Each structure stands twice: as C-alpha cells, then as structure tokens.
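One-letter residues, chain by chain:
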Amino acid sequence: MLHHHKASPRPHRFARPVCAPFTWQVVSSCVAEFVRNPEILFAHAWTGREAALWCRTMTNEPSLNRPSPSTIDLLLSRRSGSAKAMAAPGPSSSELALILKAAARVPDHGKLFPWRFIVFEGEARARMGDVLINALDDVERASPERIEQERNRFLRAPTVVAVISKVREMIAIPVWEQQLSAGAACQTLLLAAHSLGYVGNWLTEWCAYRPAVKEALGLSSGERIAGFIYLGTSAQALEERVRPNMDLLVTKF
C-alpha cells in the first residue's frame, strides 16, 4: 500500500514550472528508475518541483532558470568593495573558473561571445605594474610617487580580471548590443564573486584607455577594455551608499 506524503506548503509564486515540458522519453526514464528503485518514492516527501529536478538530473537534461529566492537578497544587498581596501584571500582556481563561467552566461544577441577575459594573479600583477609604468608619458614618469602608484596598482587585490569587449562590425548585430553584452559580463562576474563571499570592484581608470596598455595586453582591432574587475576580501566593513529614488526613475507607458 502506498503511503502518501504531504508536502510542505510552498508560496504560489514559486510554483512555476522549472523547465520545459517533459517528453515521453523523460517520463519513461523516470518511471523505469522508480520501478528499479522503489525506495526512492518513500525516502522523501516529494514536491512537484523536486521530482521535476530529479528527473532532469537522471536524464541529463538541463534545468534552466532554477528558482533561487535567496538570489534577490544578494541583488538587493550587492555592494562593491574598494580595490584600495582589499586583501587576501581571493577566489581559488576552481572558484574563479565558476565565476568566469557564470560571467559567460549573459545575454548575447547572435551568440557572438563578444568578450573575453584576461586573469592577473600572483607575479602577473607585478608584471602588469611594469606595463603601466612603461605606458606613462614623460611628464607622468617624472613623479616618483606616480611610479610607485602604478607599480602597485594591480597588487591592490589578489585577483584582477580584465573583461575585453570585442565587437564585430558590418554584421546584423549592432555594435552597441555587443558592447552591452560585455558590460553584462562585468556585472555578472561581480555578482558571481559576491555570491561566493568575495568583494569586487569594477574599474577602468586611465590604463584602460592607453594605447600602450592595450598593445601590451594583445588587444586586436575592435577590442576595448570594458573593465578591470578587482576581486578579493574586504579589509574593512562595507558601507551602504546613496541609492536612487525609484519613483523618479520608473514610469509606465
């Protein structure tokens, strides 16, 4: 005799389907698995959502736009951390791989992937300091303080990621939309880092626009630096900043 397990109530707003409608292949695969392992039915008080996710896992079908109510809390509490106040640790290699993978899932009209990433860690940050010093003009280089500032610029955080916007012209996809996609990659990179407990700071500064820096980084025609994203741990408590009055920004047509 089957025992019916009553699922805990869930808010209606989270009761949307988690993925595309099941195909008969998906349904038959799940039924076959339940027949082989009937204890699965009784080991858990299944909700429709959990059963759907489990079936997708069993059939290797992707589960997209998985509901994550806590994500809105992250979005509403997101705060940049100053690169000047960062310390170790930064993301590990595996964490950085996840962060960059998330950054590559942004809207991208035409599937052009109009961005790429350059990572600066360890001694690479010091080498970038030499690049910046060499990119200074004669007047700027005459200041010992400025030399020291540029030598340490990329040492402010344990990890720095340059997001490179690379546009293709003379195609159906507007250049503006390609550039917006690179900006979305910058923001998503920040959010992914915040979700793992790190702070981030999206900067450009003078070096993003200096031809000598672009040349040293190997940028080609159509490529620009969308931002240098500094990642690490905040060395001081974050403080809230002034936020806009939404009533002044939102209108209805």
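Residues numbered from 1 in each chain as written. Predicted model: local features only at pLDDT ≥ 70, side-chain atom pairs only at ≥ 80, totals over all residues. Heavy atoms only, no water.

> Give me the lowdown on helix α9 (residues 175–195), citing residues and values where you can.
An ideal rise of 1.5 Å per residue puts 30 Å on 21 residues; α9 measures up with 30 Å between its terminal C-alpha atoms. Along α9, the residues classified as buried are Gln178, Ser181, Ala182, Ala185, Cys186, Leu189, Leu190, Leu191, Ala192, Ala193 and His194. Contact partners of the buried residues in α9: α4 (69–77), α5 (93–103), β2 (115–121), β3 (159–166), β4 (199–203) and β5 (223–234). Within two residues after α9, glycine 197 carries a phi angle of roughly 95 degrees, on the positive side. (Helix = DSSP H or I, 4+ residues; strand = E, 2+ residues; numbered from the N terminus. Expected span 1.5 Å × (residues − 1). Buried < 20%, exposed > 50% of the residue type's maximum accessible area, 1.4 Å probe, protein only. Contact = heavy atoms within 4.5 Å.)

> Describe the packing of helix α6 (residues 123–135) against helix α8 (residues 144–152), with residues and values.
Taken N-terminus to C-terminus, the directions of α6 and α8 make an angle of 145 degrees; their axes are 7 Å apart at the nearest point. The two elements α6 and α8 cross, and the hand of that crossing is right-handed. Here Gly129, Leu132 and Ile133 of α6 come into contact with α8, specifically with Ile147, Glu150 and Arg151. Tallied by class, residues from the contact of α6 with α8 come to three nonpolar, one polar and two charged. (Axes fitted to C-alpha atoms, helices over the stretch in contact; angles between N-to-C directions. Left-handed = near helix turned anticlockwise from the far one by under 90°. Nonpolar A, V, L, I, M, F, W, Y, C, P; charged D, E, K, R; others polar.)

> Please provide a residue-by-residue account of α5, values included.
Side chains three or four residues apart in an α-helix point the same way, a direct result of the helix having 3.6 residues per turn. All buried positions along α5 are accounted for by Leu96, Ile99, Leu100 and Ala103. Each buried residue of α5 lies within a common arc of 95 degrees when the element is viewed along its axis, so the set occupies one face. The exposed set on the far side of α5, more than 90 degrees from its buried face, consists of Ser94, Leu98 and Lys101. Residues of α5 that are buried sit in contact with β2, β3, α9 and β5. (Arc of directions from axis to C-beta.)

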